[in-house]
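# Chains, contacts and geometry: an overview
Residue strings, one per chain:
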Amino acid sequence: MSNTEDDAGASETASREAVILDYLPHGRPDDTRPQYKKASLAYALETESFELLEVTLAEDAEVSIVDRISIDDADNAERIETVTPIEYDELSNSAVSELEYAVEAIIDADEQRFVDFYNDAQPISLRLHQLNLLPGIGKKLRNKIIDKRKRQPFESFADLADRVGGLHNPKDVIAERIMDELRDEDLKYKIFVRNDES
């Protein structure tokens, strides 16, 4: 998808969306202020960039775990006060335990986007290919994927698993890589998790 297509679609639909991982109606437990001064907050995972977020909610706003909320839409100005990027280590224990399920739900909801990764992955250098960054994919499996996609692009995870011997759970491979990228902020190559630190 090109940037012009993204820009055109963004004006017609809700912009950024996130999945709620944990909801803390009384704020952070380590916040020593009186309860009436604490804002309720939620930990969330942005669905496009897989950015981890802390969302400070308005006084009357209520959300539930696994809810999808628009995080920068004008409609949510009444529900959301601030959205702050955070690191994996800053998540609550409940958010950490919910994270893998949220990643799988995002992959399920937008399967074609992740199947297209297998179709469109390119070399990073002479010795390294984007497909090699996925857990369990070495030279032989990478070459099988490239050979099969040259003949015909993959249409689904099931098609991918059927046509490429040795790649049994292509969805789980993507989910595992996303989890690795979320956990390790020092990974040299990130293909799914984007950190906008510019």
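Preceding block: the structure.
Rules of the game
All residue numbers here refer to positions counted from 1 along the written sequence of the relevant chain. Only residues with pLDDT of 70 or above have their local features reported here, since the model is predicted, and side-chain atom pairs are shown and tallied only from 80 upward, although totals for entire chains, interfaces and linings are computed over all residues. Only hydrogens and water are set aside; all other atoms, that is, all heavy atoms of the structure, feed into the side-chain values. Buried residues are those whose accessible area, probed at 1.4 Å on protein chains only, stays under 20% of the maximum for their type, while exposed residues exceed 50% and partly exposed ones sit between those limits. The helix and strand labels rest on DSSP assignments: H or I over at least four residues marks a helix, E over at least two residues marks a strand, and numbering proceeds from the N terminus. When DSSP finds at least two bridges between two strands, those strands are taken to pair. To obtain each axis, a line is fitted to C-alpha atoms, and for helices this fit is confined to the stretch in contact; angles are then taken between N-to-C directions over 0 to 180 degrees. Contacts are residue-level and defined by heavy atoms, with any inter-residue pair within 4.5 Å sufficient. What is meant by a nonpolar core is a set of buried Ala, Val, Leu, Ile, Met, Phe, Trp, Tyr and Cys residues, joined one to another through side-chain atoms within 4.5 Å.

## Regarding the pairing of strand E1 (residues 17–24)
- Counting buried positions over the 8 residues of E1 gives 6, a clear majority of the element.
- Looking at chain direction, E1 and strand E4 (residues 68–70) are connected through 3 bridges and run antiparallel. Residue pairing in the sheet places Ala 18 in a bridge with Ile 69 of E4.

## Details of the sheet that holds strand E2 (residues 41–46)
- A sheet is described by the order of its strands in space; here 5 strands give the open sequence E4-E1-E2-E3-E5, paired in antiparallel fashion. Every interior strand has two partners, whereas the edge strands, E4 and strand E5 (80–85), have only one. Sheet twist, expressed as the mean angle between neighbouring strand axes with direction ignored, is 40°.

## A look at the side chain of Thr 47
- Among the secondary structure elements, Thr 47 is positioned in the loop between E2 and strand E3 (52–57).
- Apart from the residues within four sequence positions on either side, Thr 47 is in contact with Glu 17, Ala 18, Val 19, Arg 68, Ile 106 and Arg 113.

## Digging into the nonpolar core
- Membership of the largest hydrophobic core comes to 41 residues, with the highest contact counts inside it found for Leu 45, Tyr 118 and Ile 178.
- Elements represented by at least two residues in this core include exactly E1, E2, helix H2 (93–109), helix H3 (111–120), helix H4 (139–151), helix H5 (157–163) and helix H6 (170–183).
- Apart from the residues within four sequence positions on either side, Tyr 118 is in contact with Leu 131, Leu 134, Ile 137, Ile 145, Arg 149, Phe 154, Phe 157, Leu 160, Leu 167, Pro 170, Val 173 and Ile 174.
- Listed in part, the 13 residues of the second largest apolar core include Ile 20, Ala 58, Ile 69 and Ile 71.

## Some remarks on unusual backbone geometry
- The backbone of Phe 50 sits at a positive phi, close to 55°, despite the residue not being glycine.
- Unusually for a residue other than glycine, Val 66 sits at a positive phi of about 75°.

## Some thoughts on the pairing of E3
- With 6 of its 6 residues buried, E3 lies for the most part within the structure.
- Here E3 shows no split at all, with Leu 52, Glu 54 and Thr 56 on one side and Leu 53, Val 55 and Leu 57 on the other all buried.
- Judged from the 5 bridges that link them, E2 and E3 form a sheet pairing that is antiparallel. Following the sheet pairing, Ala 42 is matched in E3 by Val 55.

Shape is all these values report; function is a separate question.
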